[in-house]
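# A closer look at the structure
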Amino acid sequence: MLKRLDISSKNKDWLRLFLIVFSLIICCLLLLVRISGLELIGITPNWLLMWLVIWSVKRNLWQSIVAAICLGLIWDSLTGFFPSHILGLIIVSLFTSNVYKNKYVKEDVISLTLIVFAMAIMNETIIALQYSIQTQIPLIDIWLNYQKNSLTSAIISSLWTPLIYYPLDYILKPLPFEKK
């Protein structure tokens, strides 16, 4: 009887790992698809950024950084290698994994939407810095485009965060072998 309980708990862990990978695949597909009503002035939500924020608030720093590197590589492989999304996502994971260490910030949807808003602006800032350092595009064009992109991306990503948060809240809780 005891062995049977252990097998079922292992199956639950495998099911949760499968659902985590499946949620990542869905977020990657949503990056590629333009659904009417999901975009604002041609900018869609940062699905992988939202997933990373939800993941990072429940994990320690190293797990967040590894997830950020993996998501950055996936995002770069889907969209192109320049500008790299790895650096922005690593910085987002650094800030996000440390934000809930403070006892004054509670884990709820409103605080997560505010964190996604701030992290989307930070991610777009890093991308704009990469463009301004490594390209010959005039700086005025980069920074005017940055203002539009960062604010729009932050607004639309924070609005769609509850849609991602509620289904993933249970799935992304740390597994027994991932305790902090």
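Owing to the predicted nature of the structure, the values given are computational and were not obtained by experimental measurement. Here the residue numbering is sequential within each chain, running from 1 through the sequence in written order. With pLDDT at 70 or above as the cut-off, local features in this predicted model cover only qualifying residues; side-chain atom pairs require 80 or more to be listed or tallied, and sums for whole chains, interfaces and linings still use all residues. Side-chain metrics rest on all non-hydrogen atoms present in the structure, leaving aside hydrogens and water.

### A short note on the overall build of the chain
Which entries qualify depends on this criterion: The way it works is that DSSP assigns letters per residue, a run of H or I at least four long becomes a helix, a run of E at least two long becomes a strand, and they are numbered from the N terminus. Burial here depends on accessible area, computed with a 1.4 Å probe over protein chains only, as a share of the maximum for the residue type. Under 20% is buried, over 50% is exposed, and the range in between is partly exposed. Whether two residues touch is decided by their heavy atoms; if any such pair falls within 4.5 Å, the residues are in contact.
Each helix and strand in the chain was counted, giving 6 helices and 0 strands. Going from the N terminus to the C terminus, the chain shows its helices and strands as α-α-α-α-α-α. For the chain, the residues scored as buried account for 42% of the 180 residues in total. Taking as baseline every contact in the chain between residues at least 6 positions apart, the subset at least 24 positions apart corresponds to 72%.

### Section: a nonpolar patch on the surface
This is how it is decided: Patches here: salt-bridge-free residues with over 30% relative accessible area, like charges joined within 9 Å, nonpolar side chains (Val, Leu, Ile, Met, Phe, Trp, Tyr) joined within 5 Å. Note on areas: Shrake-Rupley with a 1.4 Å probe; residue coverage comes only from the protein chains shown. Salt bridge, as applied in this entry: a Lys or Arg side-chain nitrogen positioned within 4 Å of an Asp or Glu carboxyl oxygen.
A surface patch of nonpolar side chains, amounting to about 1,000 Å² of accessible area, comprises Leu15, Phe18, Val21, Phe22, Ile25, Ile26, Leu29, Leu32, Val33, Ile35, Ile74 and Leu78. For the nonpolar patch, the secondary-structure elements that each account for two or more residues are helix 1 (2-32) and helix 3 (61-79).

### Focus on the pattern of salt bridges
The tally for this structure, following the rule as stated, stands at 2 salt bridges. Across the salt bridge formed by Glu39 and Arg34, the nearest N and O atoms sit 4.0 Å from each other. With its nearest N and O atoms 2.9 Å apart, the salt bridge here joins Asp169 to Lys58. In this pair, Asp169 is assigned in helix 6 (residues 139-171) and Lys58 in the loop between helix 2 (47-56) and helix 3, connecting sequence segments 111 residues apart.

### A few points about the layout of surface pockets
For clarity, the threshold we go by: The definitions used throughout rest on a 1 Å grid laid over the protein atoms alone, on which a cavity is an enclosed set of points accommodating a 1.4 Å probe that cannot get out and a pocket is an open set flanked by protein within 12 Å on both sides along at least five of seven lines; lining residues are those having an atom within 4 Å of a point. Grid points are joined across faces, edges and corners, and a volume is the space filled by probe spheres set on the points. Nonpolar residues are Ala, Val, Leu, Ile, Met, Phe, Trp, Tyr, Cys and Pro. Charged residues are Asp, Glu, Lys and Arg, and all others, Gly as well, are polar.
Estimates place the volume of the largest pocket at around 680 Å³. Elements that contribute at least two residues to the lining of the largest pocket include exactly helix 3, helix 5 (109-134) and helix 6. For the lining of the largest pocket, the leading source of residues is helix 6, giving 6 residues. A per-class count over the lining of the largest pocket returns 12 nonpolar, 10 polar and 3 charged. Considered as a void within the structure, the second largest pocket measures approximately 190 Å³ in volume. Around the second largest pocket sit 12 residues that line it, and Ile20, Leu24, Trp51, Trp55 and Ala67 are the ones nearest its centre. Tallying contributions element by element places helix 3 first for the lining of the second largest pocket, with 5 residues. Among the residues forming the lining of the second largest pocket, the class breakdown is 10 nonpolar, 1 polar and 1 charged.

### Some remarks on the packing of helix 4 (residues 86-99) against helix 5
In plain terms, the rule: Every axis in this analysis is a line fitted to C-alpha atoms, fitted for helices over the stretch in contact. Angles between the N-to-C directions lie between 0 and 180 degrees. Oblique is the label for every angle not falling under 35 degrees (roughly parallel), over 145 degrees (roughly antiparallel), or within 65 to 115 degrees (roughly perpendicular). By definition, turning the near helix anticlockwise from the far helix through less than a right angle yields a left-handed crossing, and turning it clockwise yields a right-handed one.
Where helix 4 contacts helix 5, the two axes come as close as 9 Å, and the packing angle between them is 150 degrees. Judged by the angle between their axes, helix 4 and helix 5 are roughly antiparallel. With respect to the hand of their crossing, helix 4 and helix 5 are arranged in right-handed fashion. Every residue of helix 5 that contacts helix 4 at Leu87, Gly88, Leu89, Ile91, Val92, Phe95, Thr96 and Val99 is listed here: Ile115, Met119, Met122, Asn123, Ile126 and Gln130.

### Some words on the packing of helix 2 against helix 6
Two measures define how a pair of helices packs: the angle their axes make with one another and the distance between the axes. Direction vectors running N to C along helix 2 and helix 6 enclose 55 degrees, while the axes themselves pass 10 Å from each other. One element, helix 2, and the other, helix 6, form an angle in the oblique class. Regarding helix 2 and helix 6, the two cross each other, and that crossing is right-handed. Seen from helix 2, the contacting residues are Trp47, Met50, Trp51 and Ile54; seen from helix 6, they are Ser157, Trp160, Thr161, Leu163, Ile164, Tyr165 and Leu168. Its residues assigned to classes, the contact of helix 2 with helix 6 shows 9 nonpolar, 2 polar and no charged.

### Side note on unusual backbone geometry
Non-glycine residue Ile41 carries a positive phi angle of around 45 degrees. Residue classification places Ile41 among the exposed positions, given a relative accessible area of 56%.

### Some thoughts on the packing of aromatic side chains
As a reminder, the rule being used: Think of it this way: a Phe, Tyr or Trp ring, Trp meaning its six-membered ring, pairs with another when their centres are within 6.5 Å, and the plane angle makes it stacked under 30 degrees, edge-to-face over 60, tilted otherwise. Charges are assigned to positions over rings by a cutoff of 6 Å between ring centre and Lys NZ or Arg CZ, combined with an angular limit of 35 degrees from the ring normal.
Inspection of the entire model under this criterion finds 6 aromatic pairs. Each ring, one from Trp51 and one from Trp55, has its centre 5.2 Å from the other, and the planes form 15 degrees; the classification is stacked. With Trp51 and Trp55 both in helix 2 and 4 residues apart, this pair spans about one turn of that helix. Judged on exposure class, the residue Trp51 and its partner Trp55 are both buried. In this arrangement the basic side chain of Arg59 is found over the ring face of Trp55, its NZ or CZ atom lying 3.8 Å from the centre.

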